[in-house]
Structures are given as C-alpha cells and as structure tokens.
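This is what each chain is made of:
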Protein chains: 2
Amino acid sequence: MEILVPYDPTEPKGRLRPALAARERQSFAEAMLRDVIGAIEAAGHVPVVLTPAASALSCACEKVDDARSLSTAVTAQISRRLTAGAGAVGVIMADCALLTPETVTGLVSTSGPVVLAPGRGGGTNGMVIRDPAFTADYHGASIIDHRQIAAALGNPAAEVDSMRLATDIDEPEDLPEVLLHSEGRAAAMLKSWGFSLSRGEGRVGVTR
Amino acid sequence: MEILVPYDPTEPKGRLRPALAARERQSFAEAMLRDVIGAIEAAGHVPVVLTPAASALSCACEKVDDARSLSTAVTAQISRRLTAGAGAVGVIMADCALLTPETVTGLVSTSGPVVLAPGRGGGTNGMVIRDPAFTADYHGASIIDHRQIAAALGNPAAEVDSMRLATDIDEPEDLPEVLLHSEGRAAAMLKSWGFSLSRGEGRVGVTR
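Residues numbered from 1 in each chain as written. Chains lettered and ligands numbered in written order. Predicted model: local features only at pLDDT ≥ 70, side-chain atom pairs only at ≥ 80, totals over all residues. Heavy atoms only, no water.

Chemist: Account for the overall build of chain A, with residues named and values stated.
Modeler: Counting secondary structure elements, chain A contains seven helices and nine strands. Taken against the 2.2 N^0.38 rule, which gives 17 Å for 208 residues, the C-alpha radius of gyration of chain A at 17 Å falls within 12% of a compact globule. The principal-axis extent of the C-alpha atoms belonging to chain A is close to 50 × 40 × 30 Å. Split into buried and exposed, the 208 residues of chain A put 58% on the buried side. Looking at chain A as shown, the accessible area adds up to about 8,200 Å², and 50% of this sits on carbon and sulfur atoms. (Helix = DSSP H or I, 4+ residues; strand = E, 2+ residues; numbered from the N terminus. Rg over C-alpha atoms; globule rule 2.2 N^0.38 Å. Buried < 20%, exposed > 50% of the residue type's maximum accessible area, 1.4 Å probe, protein only. Areas by Shrake-Rupley, 256 points an atom, 1.4 Å probe, with all protein chains shown as cover.)

Chemist: Tell me about the pairing of strand β1 (residues 2-6) of chain A, residues and numbers included.
Modeler: Residues and elements named next belong to chain A. Burial analysis of β1 places four of its five residues in the buried class, the great majority of the element. In this sheet, strand β2 (residues 46-51) lies alongside β1 in parallel orientation, the contact comprising five bridges. Considered in β2, the bridge of P6 is made with L50. The handedness of the β1 to β2 crossover, carried by helix α1 (residues 22-42), is right-handed. With two bridges joining them, β1 and strand β4 (residues 89-92) adopt parallel strand pairing. Bridge pairing in β4 places I3 opposite G90. (Pairing = 2+ DSSP bridges. Right-handed = clockwise from strand over helix to strand, strands pointing away.)

Chemist: Could you give me a rundown of helix α1 (residues 22-42) of chain B, with the residues and numbers involved?
Modeler: Compared with an ideal rise of 1.5 Å per residue, which puts 21 residues at 30 Å, α1 of chain B spans 30 Å between its outermost C-alpha atoms and is within 8% of the ideal. G44 of chain B, located one to two residues past α1 of chain B, shows a positive phi value of around 90°. (Expected span 1.5 Å × (residues − 1).)

Chemist: How would you sum up the nonpolar core? Please name residues and give values.
Modeler: Within the largest apolar cluster, 54 residues are counted, with the highest numbers of intra-cluster contacts made by I78, I92, V104 and M127 of chain A. Per-element tally for this core: the top contributor is α1 of chain A, with six residues. In this view, I92 of chain A contacts I3, L4, V5, P6, V36, I40, L99, V104, L107, N125, G126 and L165 of chain A; residues no more than four positions away in its chain are not counted. If you look at the next biggest cluster of nonpolar residues, it comprises 53 residues, including L180 of chain A together with V64, V89 and L165 of chain B. (Core = buried A, V, L, I, M, F, W, Y, C linked by side-chain atoms within 4.5 Å. Contact = heavy atoms within 4.5 Å.)

Nothing here speaks to function; it is geometry throughout.
Here you go:
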C-alpha cells in the first residue's frame, strides 16, 4: 500500500522552540521523518512523502510535490490513487517518532472504507482510506471532523487504538516519549544532544 | 481473569487541582474508576479494586483492602493469586478513562509471562502477569523498571500498544482526551460541569 507522509521542511516543529534551536528542530524533524519512512518500508509498504518543497528535501524516498494546504493535498492525492485503481491509500504523520513496522501493519490491516488513528489532542495521525469520496480536514480537532466525514459517507470510521500512532512529537512534553519508546534516529539524536530522562513527581520529563 | 484496579479514594487526582475543585476531583476519580470497572466487566473479566481505604469506597464491586505502598500491595496480590493457581493476573489503573472492553481484551489476550501497557510519561497503566516471581515497581519511570524486572526474570516483556491504556487522566491537559474518546461516566460528568473542547492552535484544550 502507498502511504502518504505529509512533511513540510520549512521551519518545522515550531512548538519545540523551548527545547530545541532552529537548526536542531530541522534535523530532528528530518530524523523523525526517516524513522517513519523506515517503519513503513520495514512493514512492506511504500512511503510517499507529500511535501510543498520537494527540492528542499534530501531523503532518498519517493516524493510528491504539492504546495496546496495539507487537507487539500491529502484529499487530492488519496482520490487520485483510489480512482486510478488502488484499493487503499494510507496517511501517516511524519512526527510519529514511535512508529514501528507492527504499528504500520496494525493500521493497514484494519478494514473499512475509512480507518482513523487518533493523535493526542484531537489530531488524526494515521488513516487508511478506501472510499474515493473521502475528504481530509486537518483543521482543528480533526479526529472529530474525520469521524463526521466518514459517517456522512455511510459508515462509521474504524479506529485504530495505538499509543505509537497517537504520540506525535510536537511539544517539549512529548520528548520523553521518544527516549522511553524508540531506538530510532530521532531518539539517538536527542541522546547525542545530551537529552536524558528526568524523574520527579508525576510524569517523567527530559533534561539536557 | 481477575484484574486488580488500584484506587486510593483519599484526596485523589491532586494534579487536576488547576481544573477541578476538591469535591469534583473526588467525584471525577470515582467516575473514572466506574468506567474502568465497567469496561473490565463488559470484557468478561473480574475487576478487583485494590485500595488502602475500602470502607470509604461506595462502589458495588469486589474490593481488597491493602494499606501498603502501591508497589508492595500489587506485588503481593499478584503473587498470592498466581501461587494459588490463577494462570494470570491483570492490573489496570483506575484513571484509564478511555478504556473499552476491546482494550481490555487486547491486553488480556497478549501472551507472555510479563505483559506491559505503557502510560504517558513513563508509567505502566496495564499489566498481565503470569510469573509469580514478578515484582511491581511504580516509582519513577515504571515502564523502564518493569521492562528490566521482566528481563531479569528471563524474558523481555511483551508490550501492548494502546492509546486508551496509555492515556491516564492526571493533568488538565489530559481532559480533552476524555471528551474526544469516551462516552462514559467521566465524560458525562465533565460535560455536566460545563466542560467543552476548545480549538485553537495545536492540540485542542478544554474550556468551562
């Protein structure tokens, strides 16, 4: 299955500003992208990076250049593939740094015209779409919108219950999850920069 | 399978203080407990509330009174059941408000002497233990400790990848997850108190 991985290399991960400098955020975002691509490939699927700036992207992977908004670009790319005969198209966010091949397999093997994997805070971090009439809407609490869109097409969305898909790395509070649950490029990068887990009251954090 | 649900009714959910008054925290914690108990029962398993204050607990469920520390009490209760002939004993935290019967089934049906479901921020929100030599250690980043304890017993822990098990409701930032992904007692309570989702930049929050 082709799995779209939306990624904008222009000043990525702004909400990580309190933890990482601009150049670090760029490197870290690309490390997470490579971890996601690696997990998709290891699961036997085909990652396709969907980006508004393909020329700025150095990774040796399939790329589709589409400068439209995320929702418009994803909708168009899904629709094009399904009408051309693909049975299903996936979407996984590029900052799902905990992604494993097993997680990808779990998402892809879930049946239904619209399969959704929620992200923390109302996002939609993974999808498998088998209905060419589906439209993506990433604005606001997208998981709610995507549920409504699926229902309007005639079937409730199937949902995938995965911590690894739910955990996108957007904010400093997300960084411990990378150190706790990944041994990929992004985790190695954080360690090489001196990040480690700090244990106090409640949830663990990171120190540098 | 018997599934222990540790719950201390004495001033629960202190980290929700910025969002809820003391009496509300008490009611909300008990609503989450009831949601967890309901999901376990609906999955065909037997919840056993493990508490240091059984007399203060009004719910009509099986209770075990054990005033020792969480780690000591859980270790003792697991060991006692396994040595008495149980094939497995489960543990699920009382603040996993998104728990569904399917989540419980996924945890319980995972094989291995030590099965772990991580919680956000290094916690361990679910376990299934089949080795009577296992010891629980909930202090600090417990998922790391539990992995090491399992490995020392001879086998790497099996891990369950579940957003619903990973999402314990400890901090105000967790409240949106209840409104987004549950229709249980805890969600109804938040709505009755005037909480609703607020959509801005990034993850959704709650307003009241």
